[in-house]
Amino acid sequence: MYRTHNCGELRLAQAGSEVTLAGWAQTVRKFGSITFIDLRDRYGVTQLYFSEQMNAILDQKPVGREYVIQVKGRVVERASKNAKIPTGDVEVEITAMEILNAAATPPFTIEEESDGGDELRMKYRYLDLRRPPLKRNIELRYKVNRSVRNYLDTQGFFDIETPFLIRSTPEGARDFVVPSRMNEGQFYALPQSPQTFKQLLMVSGYDRYYQIVKCFRDEDLRADRQPEFTQIDCEMSFVEQEDILNMFEGLFRHVFKDVKGVEIAGALPRMTFADAMWYYGNDKPDIRFEMKLCNLKSAGKVYCDTLNDVDFKVFSEAATILAIAVPGTAEYTRKQLDELTEWVKRPQIGMSGVVNVKCNADGTYKSSVDKFFTEDKLKALAAHCGANAGDLILVLAGAEARTRKAMSELRLEMGNRLGLRDNSIYKPLWVVDFPLFELDEENDRWVARHHPFTSPKPEQIALMDDRARYGEINANAYDLVLNGTEIGGGSIRIFRRELQEKMFAALGMSKEEAQDKFGFLMGAFEYGAPPHGGIALGMDRLCALLGGQESIRDFIAFPKNNAGRDVMLDAPSAIDDVQMKELGLKH
Ligand code: ASP
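Everything numeric here is computed off the predicted structure, so don't read it as measured data.

> I keep staring at the site of the ligand and nothing clicks. Help me out?
Residues in contact with the ligand amount to 14 residues; listed here are only the nearest, Glu171, Gln195, Lys198, His450 and Arg493. For the ligand, an oxygen atom lies 2.7 Å from a polar atom in the side chain of lysine 198. With respect to the ligand, the side chain of histidine 450 contributes an N or O atom lying 2.8 Å from an oxygen atom. Considering the ligand on its own, with 270 Å² of exposed area, one finds that the protein chains cover 93% of that surface. Broken down by secondary-structure element, the contributors of at least two residues to the shell around the ligand are helix 5 (195-203), strand 22 (485-492) and strand 23 (532-538). Take the shell around the ligand: its biggest share by element is 3 residues, from strand 23. Taken together, the residues of the shell around the ligand break down into 2 nonpolar, 8 polar and 4 charged.

> Sorry if this is basic, but what is going on with the sheet that holds strand 13 (residues 301-302) here?
Working definition: the strands of a sheet are paired by backbone hydrogen bonds and lie parallel or antiparallel to each other. Strand order in the open sheet made by the 6 strands is 13-12-14-17-15-16, with antiparallel pairing throughout. For this open sheet the edge positions go to strand 13 and strand 16 (365-367), each flanked by a neighbour on one side alone. Summarising the sheet, strand 15 (residues 355-359) and strand 17 (residues 392-398) pair through 4 bridges and their orientation is antiparallel. Within the sheet, the bridge partner assigned to valine 357 lies in strand 17 and is isoleucine 393. Running over the sheet, helix 10 (residues 375-384) touches strand 12 (294-298), strand 15, strand 16 and strand 17 and is turned about 95° from strand 16.

> Help me understand the packing of aromatic side chains, please; the structure alone is not making it clear to me.
Both the distance between ring centres and the angle between the ring planes are used here to describe each pair of aromatic rings. In total, this model carries 21 aromatic pairs according to the counting rule given. Ring centres of phenylalanine 164 and phenylalanine 216 lie 5.3 Å apart, and the angle between their planes is 85°; this geometry places the pair in the edge-to-face category. In this pair, phenylalanine 164 sits in the loop between strand 6 (158-159) and strand 7 (177-179) while phenylalanine 216 sits in strand 9 (residues 208-216), placing the two residues 52 residues apart along the sequence. Judged by relative accessible area, which is 36%, phenylalanine 164 ranks as partly exposed.

> Help me understand the packing of helix 5 against helix 13 (residues 511-525), please; the structure alone is not making it clear to me.
Helix packing geometry: the angle between the two helix axes and the distance between the axes. Orientation of helix 5 relative to helix 13, taken along the N-to-C sense of each, is 20°, at an axis distance of 10 Å. Between helix 5 and helix 13, the angle falls in the class roughly parallel. In the packing of helix 5 onto helix 13, the handedness of the crossing is left-handed. Only Phe520, Leu521, Ala524 and Phe525 of helix 13 make contact with helix 5, whose side of the interface consists of Thr196, Gln199, Leu200 and Val203. Here the residues of the contact of helix 5 with helix 13 sort into 6 nonpolar, 2 polar and no charged.

> In this structure, what is going on with helix 10? I would like to understand it.
Side chains of residues three or four places apart in an α-helix project in the same direction, reflecting 3.6 residues per turn. If you check which residues of helix 10 are buried, you get Lys377, Leu378, Leu381 and Ala382. In an axial view of helix 10, the angular spread of the buried residues amounts to 140°, which keeps them on one side of the axis. Among the exposed residues of helix 10, those pointing more than 90 degrees away from its buried face are Asp376 and Ala383. In the core, the buried residues of helix 10 are packed alongside strand 12, strand 15, strand 16 and strand 17. Once helix 10 ends, the next one or two residues include glycine 386, with phi positive near 65°.

The rules behind each value
Residues numbered from 1 in each chain as written. Predicted model: local features only at pLDDT ≥ 70, side-chain atom pairs only at ≥ 80, totals over all residues. Heavy atoms only, no water. Near = heavy atom within 4 Å. Polar contact = N/O pair within 3.5 Å; in protein donor to acceptor, adjacent residues only side chain to side chain. Areas by Shrake-Rupley, 256 points an atom, 1.4 Å probe, with all protein chains shown as cover. Helix = DSSP H or I, 4+ residues; strand = E, 2+ residues; numbered from the N terminus. Nonpolar A, V, L, I, M, F, W, Y, C, P; charged D, E, K, R; others polar. Pairing = 2+ DSSP bridges. Contact = heavy atoms within 4.5 Å. Axes fitted to C-alpha atoms, helices over the stretch in contact; angles between N-to-C directions. Phe/Tyr/Trp six-rings, centres within 6.5 Å; stacked < 30°, edge-to-face > 60°. Buried < 20%, exposed > 50% of the residue type's maximum accessible area, 1.4 Å probe, protein only. Parallel < 35°, antiparallel > 145°, perpendicular 65-115°, else oblique. Left-handed = near helix turned anticlockwise from the far one by under 90°. Arc of directions from axis to C-beta.

Here you go:
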């Protein structure tokens with residue numbers, strides 16, 4: 001038997017008992033003729049005590065950091081207790097030791113905090129995974145996984161696997177492809193999601209499907225993206241949007257209670273896409289704090305009369321003017337205001353400046369555009385923004401899309417600065433009524449906002465005959481948003497061939513192309529497809545949010561770096577000529 005107990009288990013109650021432990025030597029501390037070793041495994045750390053007599057064994061068999069050892073000994077009460085660890089009241093007085101495996105000196109410290117840089121820790125990921133913070137994340141992920149499965153099981157969902165070697169499923173990204181040896185010159189695509197398969201399963205009658213599944217998208221990577229990521233992918237038949245929102249609100253609540261012990265009270269609020277854009281400037285509003293956007297002018301239409309008779313070019317020439325009233329910051333200094341101007345000028349934000357209006361505590365107003373605005377006008381503007389005494393109003397002006405995006409970012413930045421984005425608070429909501437299409441301005445093409453299998457709202461189907469009105473069509477498509485992050489999205493699907501054909505045509509696909517690529521799905525719709533809809537939740541991001549962290553990478557055992565590389569395996573890599581020839585990639 002390798003061990004009687006693990007390294008996180010021993011307490012005072014076991015004092016006096018003989019135990020066998022096995023694990024990794026985290027630190028070896030020699031004090032004259034005695035030695036202490038902190039022995040670590042997945043469960044914790046236990047202090048080992050090598051007395052004067054036993055020290056000799058360490059001279060014969062020296063133990064270094066990360067050696068795997070097995071020890072026998074007696075549990076004793078510690079003279080100086082360590083309140084920081086659960087095993088801190090005891091130590092094991094060693095009577096025998098075996099080295100099970102030696103270890104090279106690790107390239108960084110394997111403790112709560114590490115001295116290793118990102119790339120180094122990625123290269124030796126198997127060592128980094130020994131560290132407690134990573135272990136906590138992996139454990140949390142396992143718990144989320146289990147919790148999701150338990151909930152969906154009680155609701156009658158089947159976990160059904162779908163293939164990885166498929167033909168392209170459009171989800172708006174580039175495909176990863178795999179050459180076929182047996183079909184020279186042809187390629188499989190890795191699924192961007194199991195979308196079409198889960199819909200086919202609905203046609204087959206498996207009316208509640210789920211899968212915790214890898215998806216592959218060849219996109220440029222940002223900090224919170226991975227080329228392969230995990231979705232909690234679900235689909236249901238004979239459901240309306242309401243049924244899906246209720247089912248997955250239930251899942252969300254269950255996971256939070258189960259994993260975090262957090263009760264999400266009441267029904268999740270719902271906000272239309274249009275309102276989210278109008279009041280928050282993006283489709284994943286962080287509603288932990290107010291500071292809503294005040295639309296003074298939008299796409300050329302003036303909403304604040306005060307602006308009408310002000311002769312200020314920056315405003316009169318801008319299509320859109322947006323403001324936020326930032327509570328309690330009227331006392332910002334010149335330096336702080338200059339710094340905000342620099343902030344909005346950064347390329348990521350792309351504005352040329354920010355106008356400020358101070359609503360002073362004494363009822364006076366002061367602004368960076370005093371030349372153009374009388375105090376009365378400033379007062380009227382402040383009233384329009386619902387600003388209070390002590391607030392600082394920040395105004396951005398410019399083209400509609402850019403200004404809205406910039407204001408959304410500025411609102412979040414001010415939320416950060418005021419400490420209003422507290423990660424221990426969870427404010428989920430549904431964003432609903434997404435537009436069906438989105439205009440790809442560069443190519444003057446309509447593209448599917450979600451994916452081409454999403455149904456228009458039934459009462460708007462007629463608008464699909466008029467290209468000029470595509471922008472007005474909404475879908476029963478929804479996103480689950482938590483603290484400013486999208487954690488999932490889905491839709492009610494098209495389930496009749498004619499409508500699916502119409503959709504492909506609207507997206508500029510010829511009949512032949514649609515038939516070639518999606519004939520299998522449209523064919524299936526001819527054999528009794530039930531009405532259906534579903535959702536997919538981002539597993540990695542959900543775990544990061546539950547763990548109170550930004551990056552999804554630390555919740556994935558073996559992630560890729562920002563260049564999409566696995567630095568541990570050094571992948572992707574070249575393959576040899578023989579392999580290339582076999583695959584028909586070289587002749
Ligand atoms: N397949 C979709 C996605 O990956 C989710 C869905 O519509 O169910 O975003």
